[in-house]
Each structure stands twice: as structure tokens, then as C-alpha cells.
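Chain by chain, the residues:
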Amino acid sequence: MEDKPYSSLKPSLDRLTLGVIRILETSPGVDEVTFVEKEPAERHSIVSWEQKNSCVLPEDLKNFYLMSDGFHMTWSVKFDDNPMPLGSMVINSISKLSRLGGSSAYALPNAPTLADLEDDMDEEGNEDQPEKPHFDSRSLIFELDPCNGNGKVCLVYKHTKPVVTPDTEIWFLDRALYWHFLTDTFTAYYRLLITHLGLPQWQYAFTSYGVSPQAKQWFNMYKPITINTALLSEEPDSFVNKLDPNKVFKSKNKTPVIKKKLPSQPGGSQKSHASTTSSKAPSLSGNSLRKREPQT
């Protein structure tokens, strides 16, 4: 494994990334696009994983591992002349494709597991929505992407009895342990991962509550079409980013504050004001003289 710039990547790896590195490197403000090249997984490692977990990997995911044992790409933006990590695209290697739900949630005796937190009342009666995964023996769940702590993207086998079927789905488990359906196949999920450029919290765009306001700003900057898909058929130009990234990522310079001059008063009013003050001055001096005369 090693970090390589785009110019040194093999044509096969360029096809693997669907040309996204070229897109990122030509985007304004983007800095330090890093791709970690991984060797193909050994076939016996895949067979060993299948035997250990008593299930068969879907064909598209297996072919992916035979080409690259995982996926890791990151990119940063230049903010105040310093690189700030922003995008991250991760698919765990075959050795890190670990199961969820079986181990204890805490390293304590008799600590609850995820299966103990299973709530059958959470099932929705909407027939349009697919059946949600279960942490108990009804489903097999494996972590594909840790999502930088914002949740987990999981490979889910939902039919485990009497035997585990090779039919799988990709689901997103948020931090509140609610499930959100993403795609039917790994190939479809991989395309989602690439087209969303690994932006922070992009998986929450497929939830009912959406991404956070801060993440939405980055969406509007680099992938506005994913936030405004409903507007495409009505207003083709409505999702176009109106911001100028070249100005956004410039270093901040203090602008001088221009003080506005008060409008000058008319000459007539100045003369009248001067005459009134001059007329008051003699009267004051006269009064003071009159007060002093009786004393002599």
C-alpha cells in the first residue's frame, strides 16, 4: 500500500476510480487528493472469510476484492492557506469486513449486545419500504465503511434461515441505530460513493432528516446535484452553484472602513446661527456690567 498521485496511477486503477481523481484535482479549492493503492485480495482469503462467516460474498463484491483489497481515497481543501481534510471514500478490506451485532457493545461482564437492543416495535408497516435488518440471528451484518464515526455502511444478509442466501443489500446504520436503505447491490453503492465524492455525511442524504447544515454547504459547493435532484426536471439552472470558489478559498484581507461625511449645512443657516450667538454675547456682558455698578 502506498499513496500515489493521479499522474502515476495505472490505467486499471483510473478505471477503478471512475476518473474521480481527475475531477477532484480540477475542482477549485481542492488540495492533496490521495489514493491508497491496494493489492488484490488472495482468493484463499475470500474463501476463508466465507467459511468463517457461513455465507457467500455477492459476486460483484468478490470481483472487487479480487481487483483491490479495499478502497481508500481522501482529499482536502485549502482553507486559509492550510489543507483541511474533507472528502473520504473507504471500503474495508476483506480482513476488516467484520460482523456487527454478535459482540458486546461494552467491554464489561454481562454487557448488552446490539441484539439485546433489538426493538420489534420499530418495524414500519409501509409496504414500499424494504424490511429492515435485525441485529439478532435473523440477519447477518458486516461493516463496509465506518463513515468517520458518522454511522456505518453495512453489507446485510437478511435471509439466514434455514440457510444464508446470497441475496444481499447495502444499508446505512446511523448513530442512533436506525436503519436506512441505500442500494440492492454493491456495484450500485460503489457508484453512489464515487459520485458523492466522499463528502462528509453524504449517506444522510438518503435518510428522512437529511444532512446537517454544515455538510449541506459542502454539498452545494462540490456536488449540488445530489441535494437538489427534485429540481432537475423543473428548473435546470436552479441547482447550479452561484458561489465563486476562487473567492471563497482566498485568504481573508481586512477591508478598510470608509467613513461617510455628514452633509454640510446650507450657508444661510450657518450665518443665522452665528448672528444669534453673537447677539447673545453682548447681552451677557451687559448684564454683568449692570450688576457691578451698585457696588461702586
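Everything discussed here concerns the structure shown above.
Summary of the structure given here. The shown structure was predicted, so the numbers you read here are calculated from the model rather than taken from an experiment. Every chain is numbered independently, its residues counted from 1 as its sequence is written. Local features in a predicted model are, by the rule used here, given only for residues with pLDDT of at least 70; side-chain atom pairs are given and counted only at 80 or more, and totals for whole chains, interfaces and linings are based on all residues. Water and hydrogen atoms play no part in the side-chain values, which are based on all heavy atoms of the structure.

Side-chain rings of Phe, Tyr and Trp (the six-membered ring for Trp) are treated as a pair once their centres are within 6.5 Å; stacked means planes under 30 degrees apart, edge-to-face means over 60, and tilted covers the remaining angles. Inspection of every chain in the model, using the stated rule, returns 16 aromatic pairs. Measuring from centroid to centroid gives 5.4 Å for Trp75 and Tyr222, while their planes differ by 75°, and the two rings are edge-to-face. Linking Trp75 in strand 3 (residues 71-79) with Tyr222 in helix 6 (residues 213-222), this pair joins segments that are 147 residues apart in sequence. For the residue pair Trp75 and Tyr222, the accessibility class agrees, reading buried in each case. Ring-pair connections join several aromatic residues into one group, and the members of that group are Phe35, Phe64, Tyr65, Phe71, Phe186 and Tyr190. Secondary structure elements follow DSSP: runs of H or I of four or more residues count as helices, runs of E of two or more count as strands, with numbering from the N terminus. Buried residues are those whose accessible area, probed at 1.4 Å on protein chains only, stays under 20% of the maximum for their type, while exposed residues exceed 50% and partly exposed ones sit between those limits.

Right, let's talk about the pairing of strand 9 (residues 179-183) for a bit. Counted residue by residue, strand 9 has four buried out of five residues, so it is predominantly covered. At least two DSSP bridges between two strands are needed for those strands to be called paired. Across four bridges, the pairing between strand 8 (residues 168-173) and strand 9 is antiparallel. Counterpart to Trp171 in the pairing with strand 9 is Phe181. Turn length for the strand 8-strand 9 hairpin, with the two strands adjacent in sequence and antiparallel, is five residues, and the turn residue Leu177 shows positive phi of about 65°.

It is worth spelling out the side chain of Asn53 at this point. Tracing the sequence through the fold places Asn53 in helix 3 (residues 43-53). Residue Asn53 is classed as buried on the basis of its relative accessible area, which comes to 16%. Throughout this description, a polar contact denotes any pair of N or O atoms lying within 3.5 Å of each other; where both atoms belong to protein, one of them has to be capable of donating a hydrogen while the other can accept it, and for residues adjacent in sequence the pair is counted only when both atoms sit in side chains. A polar side-chain atom of Asn53 sits 2.9 Å from the main-chain carbonyl oxygen of Trp49. Two residues form a contact once any of their heavy atoms are found within 4.5 Å. With near-sequence residues (within four places) excluded, Asn53 lies in contact with Leu140 and Phe142.

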